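Here is what each chain is made of, one letter per residue.
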Amino acid sequence: MDRTTTIRASVKDIEFVMLLSVFLVIHGRLCLLARLRTTLIPSVAVPISLIGTFGVMYLVGYSIDNLSLMALTIATGFVVDDAIVVIENITRYLEQGMKPLEASLRGAREIGFTVVSMSVSLVACFIPILLMAGIVGRLFREFAVVFPPRSPFRLSCR
C-alpha cells in the first residue's frame, strides 16, 4: 500500500489552509485598519514563527506528518491571534493621539503579560503529553513539541 499519496494530499491541504489564513489575516488587517505598517507585523510574524518551528523540528529530527501539520495549523492561529490583539491595543492608543513609540510601549506592556501567560500555560499543558510513555506517547510527542507557538513577536513582548 502506498501511503505517500494521502500524506502528500495532507501536506498540500495544510499548505493551502496556512496560506489562506495568512492571506485572510493580512487582508483583514489592511481592510480594518487601512494602515500598511500594522498589516506588515502579522505578515512577518507568522512566516518567521513557522520557519522557526520547522528549524526546531529539523534540529530535533522530527518529520512532517499529519499530527505535526495539525499542530502547525493550530499554532499559526494562536500566533496570529496574539499579534492581532497587541496591534489592536496599540492602534487604540494611536487613535487617542499618542506618539507611535509611546503607544507601542504602553500597548505592548498592557497586553504583554497576557500573551506571555497564555504561552506559558500552553507549554505547561503540553509537558505531560511530551513525557507520556508507550505508543501513544510516541505518537503525540511530535505534536507536543511542535504545537506551543514560537513567535518572535511573543518574545518581544516580554
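1. Structural notes on the confidence of the model for the protein
Counting all residues, the mean pLDDT for the protein is 77, and 92% of those residues have values of 70 or more. Within the protein, helix 4 (residues 100-130) carries the highest mean pLDDT (83), whereas helix 6 (residues 152-156) carries the lowest (39). pLDDT under 50 marks residues 150-158. Its contacts with residues more than four places away, or in other chains, come to 23 contacts.

2. Remarks on the pattern of salt bridges
If you walk through the whole model with that rule in mind, you get 2 salt bridges. The structure contains a network of salt bridges with shared partners spanning Arg92, Arg106 and Glu110.

3. A word on the nonpolar core
By size, the foremost hydrophobic cluster in this structure holds 17 residues, and its most contacted members are Met18, Val46, Leu50, Leu72, Phe126 and Val146. Contributions of two or more residues to this core are made by helix 1 (4-33), helix 2 (36-60), helix 3 (66-95), helix 4 and helix 5 (134-146). In terms of residue count, helix 3 provides more of this core than any other element does, 5 residues in total. In this structure, Val46 is in contact with Val22, Thr76, Val79 and Val80, ignoring residues within four places of it in sequence. The next biggest cluster of nonpolar side chains, apart from the first, holds 7 residues, and it includes Ile90, Met98, Ala103 and Val115.

Thresholds applied
Residues numbered from 1 in each chain as written. Predicted model: local features only at pLDDT ≥ 70, side-chain atom pairs only at ≥ 80, totals over all residues. Heavy atoms only, no water. pLDDT = per-residue confidence, 0-100. Helix = DSSP H or I, 4+ residues; strand = E, 2+ residues; numbered from the N terminus. Contact = heavy atoms within 4.5 Å. Salt bridge = Lys/Arg side-chain N within 4 Å of Asp/Glu carboxyl O. Core = buried A, V, L, I, M, F, W, Y, C linked by side-chain atoms within 4.5 Å. Buried < 20%, exposed > 50% of the residue type's maximum accessible area, 1.4 Å probe, protein only.

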